Structures are given as C-alpha cells and as structure tokens.
Amino acid sequence: DAMVIQNPRYQVTQFGKPVTLSCSQTLNHNVMYWYQQKSSQAPKLLFHYYDKDFNNEADTPDNFQSRRPNTSFCFLDIRSPGLGDAAMYLCATSRGKGVTENQYFGPGTRLLVL
Amino acid sequence: ELKVEQNPLFLSMQEGKNYTIYCNYSTTSDRLYWYRQDPGKSLESLFVLLSNGAVKQEGRLMASLDTKARLSTLHITAAVHDLSATYFCAVDASGGSNYKLTFGKGTLLTVNP
C-alpha cells in the first residue's frame, strides 16, 4: 500500500548527541513536512520541502535541519538534542501543485532525550 | 497571523449523546481539515472541506464549513466509546499557495459508557 513510513518508531538519544530521523513515502507527493508534537499539544510545523525547495518556519531552532535527497526520502537532523526536544516527530506529505490537498501523516517517531 | 481556536478543548460525554466541536479561525480561508489522533498514534484524516457550505459525513461524525463565519463544526451523533480520541481542525489560509496548515489545539473527547 502507498504510505508514509517513519523510522525508527522510537529513538532514545543522549543530551547533545546528534540524531537523525527518517521519513519515506511511496505516494510520489511533491511536498514533505516535518512536525514536532509535544504531549497534549497541536503539531507544530518545523519545515517543509516542495520538491527540493526548502521552507523553514521562522521559529524553528537552528538545531533542527532537514535533507531531502530525492522525492521519496526526507530526513530530520537534530544536531544537539536538548531535553526540551523530546517529542513525537511527525512526517507528512501532500501532493502540492497549487492545491493544498490533504496531508498524509506517517506513524511518527517518538524521541526521548536522556 | 492565522489563529485557529477549537472549543471545547476537553469534552466528556456519555454514549448515545450528541455534541458539537467548534473550530473558529481568524482569516479568510475555504480549506479546512479535520484529523483524529488516538493516544500515542499519528494523525488520521477525517474530512477535507474545500468550499463554503461543504458538509461531509462519515458514520457518526459530520463536518461542515461556513467560510463567511470562519467556522467549522464537527458534530457527533449518538457517541460510542470508539470515538474517544483527540480531534484537530487545521486551516490553510494561503489559498493553496504555500501548502501549510495551521492546527487548532485539539479537542480531547472521552466517551463514557
């Protein structure tokens, strides 16, 4: 089935130790998003790619970076995780092409920072 | 800046009862989305509303959009326990030009036997 896949589903890292979260999609969608969701809060958009065009949210910390090497894959790099970065990280995709269609979410990666 | 407000934020209801969740937003938009999230899980798309007066129904849930009032409602009919979850509305106010959604804070629905 076409879908959005995130790996790993759970990630434990140490304070300050870089970590990379992975997202892949088989929907062939143009747009890929990374959201951070803390407990009992709404998802917060960190950045998104339209094809290779990177769009950073103004309040996304520099500690968060992203790469999209091809249409199917997108990575979230957290360079020096702090305790406050513990959250669920959600990847989503949409078709784009001038119409904000529905966003399709992956299962998420829950990050724990020790 | 687009603001999206949901109310109530917490809703406890008995099985068999009806209730409505409201989603207000602050700028012009004709694109509104409803998602469901179970604890510890990702977001599941429920409804996509893309025009004024749009109404969509799926099972015991019905969503509507009034773009003039900048209001969407999610109506629950004869609630059952399986509907217990957090419900988010999300709005695109860009006219489709920047592919971004702004989410409300979510409504935590608990349906009691």
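Only a predicted model underlies this, so the values are computations on that prediction, with no experimental measurement involved.

(A) Spatial organisation of the interface of chain B and chain A. The partner chain A presents 25 residues to the 21 residues of chain B that form the contact. Across the interface of chain B and chain A, roughly 1700 Å² is buried in total on both sides, 54% from carbon and sulfur atoms. Counting across the chain B and chain A interface gives one salt bridge. Note that K100 of chain B is salt-bridged to E57 of chain A, the shortest N-O span being 3.0 Å. Remark: the boundary between chain B and chain A carries six residue pairs in polar contact (both at pLDDT 80 or more).

(B) Spatial organisation of the side chain of T73 of chain B. Residue and element names in this part refer to chain B. Relative to the helices and strands, T73 is located in strand β8 (residues 71–76). Accessibility expressed as a relative area gives 16% for T73, which makes it buried. Here the side chain of T73 touches S64 through a polar contact of 2.7 Å, side chain to side chain. In this view, T73 contacts T20, I21, Y22, W34, M62, A63 and S64; residues no more than four positions away in its chain are not counted.

(C) Layout of a nonpolar patch on the surface. On the surface, a cluster of nonpolar side chains totalling about 290 Å² of accessible area is made up of V12, L112 and L114 of chain A. Inspection of the secondary structure puts L112 of chain A in strand β11 (residues 109–113).

(D) Examining the sheet that holds β8 of chain B more closely. Residue and element names in this part refer to chain B. Spatially, the five strands line up as an open sheet ordered β1-β3-β8-β7-β6, and their pairing is antiparallel. Of all strands in the sheet, those with a lone pairing partner are β1 (4–7) and β6 (55–58), marking the two edges. The sheet shows a mean angle of 15° between the axes of neighbouring strands, taken without regard to direction. Relative to β8, strand β7 (residues 61–66) runs antiparallel, the two sharing six bridges. Bridging across to β8, M62 finds its partner in H75.

(E) Summary view of the state of the cysteines. All chains considered together, the criterion is met by two disulfides over all chains. A sulfur-sulfur distance of 1.9 Å marks the disulfide that ties C23 of chain A to C91 of chain A. Taking the sign of the S-S torsion, -70° for the link of C23 of chain A and C91 of chain A, the bridge is left-handed. With C23 of chain A in strand β3 (residues 19–25) and C91 of chain A in strand β9 (residues 87–94), this pair connects stretches of sequence that are 68 residues apart. With a relative accessible area of 0%, C23 of chain A lands in the buried category. Paired by a disulfide, C23 of chain B and C89 of chain B hold their sulfur atoms 2.0 Å apart. Taking the torsion about the S-S bond as the criterion, the C23 of chain B to C89 of chain B disulfide, at about 80°, is right-handed.

About the cut-offs
Here the residue index of a chain counts from 1 through its sequence in written order. Chains and ligands are labelled by the order in which they are written, letters from A for the one and numbers from 1 for the other. Only residues with pLDDT of 70 or above have their local features reported here, since the model is predicted, and side-chain atom pairs are shown and tallied only from 80 upward, although totals for entire chains, interfaces and linings are computed over all residues. Where side-chain values are given, they derive from all heavy atoms of the structure, hydrogens and water being excluded. Note on contacts: a residue pair qualifies if any of its non-hydrogen atoms lie within 4.5 Å across the two residues. Two parts placed together each lose some accessible area under a 1.4 Å probe, and adding up what both lose gives the buried area. Salt bridge, as used here: a side-chain nitrogen of Lys or Arg that lies within 4 Å of a carboxyl oxygen of Asp or Glu. Think of a polar contact as two N or O atoms within 3.5 Å of one another; within protein, one of them needs to be a possible hydrogen donor and the other a possible acceptor, and neighboring residues in sequence only count if both atoms come from side chains. For the purposes of this entry, the term helix denotes a DSSP run of H or I that reaches at least four residues, the term strand denotes a run of E that reaches at least two, and both are numbered from the N terminus. Categorising residues by exposure relies on relative accessible area from a 1.4 Å probe, with only protein chains included: less than 20% of the type maximum marks a residue as buried, more than 50% marks it as exposed, and the intermediate range marks it as partly exposed. Patches here are clusters of residues that have more than 30% relative accessible area and form no salt bridge, with a 9 Å joining cutoff for like charges and a 5 Å cutoff for nonpolar side chains (Val, Leu, Ile, Met, Phe, Trp, Tyr). Method for areas: the Shrake-Rupley scheme with a 1.4 Å probe, in which residue coverage is limited to the protein chains shown. Pairing between strands is defined by DSSP: at least two bridges between them are needed. Working convention: axes come from line fits to C-alpha atoms, limited for helices to the stretch in contact. Angles between N-to-C directions cover 0 to 180 degrees. Our working definition of a disulfide is a cysteine sulfur pair at a distance within 2.5 Å.

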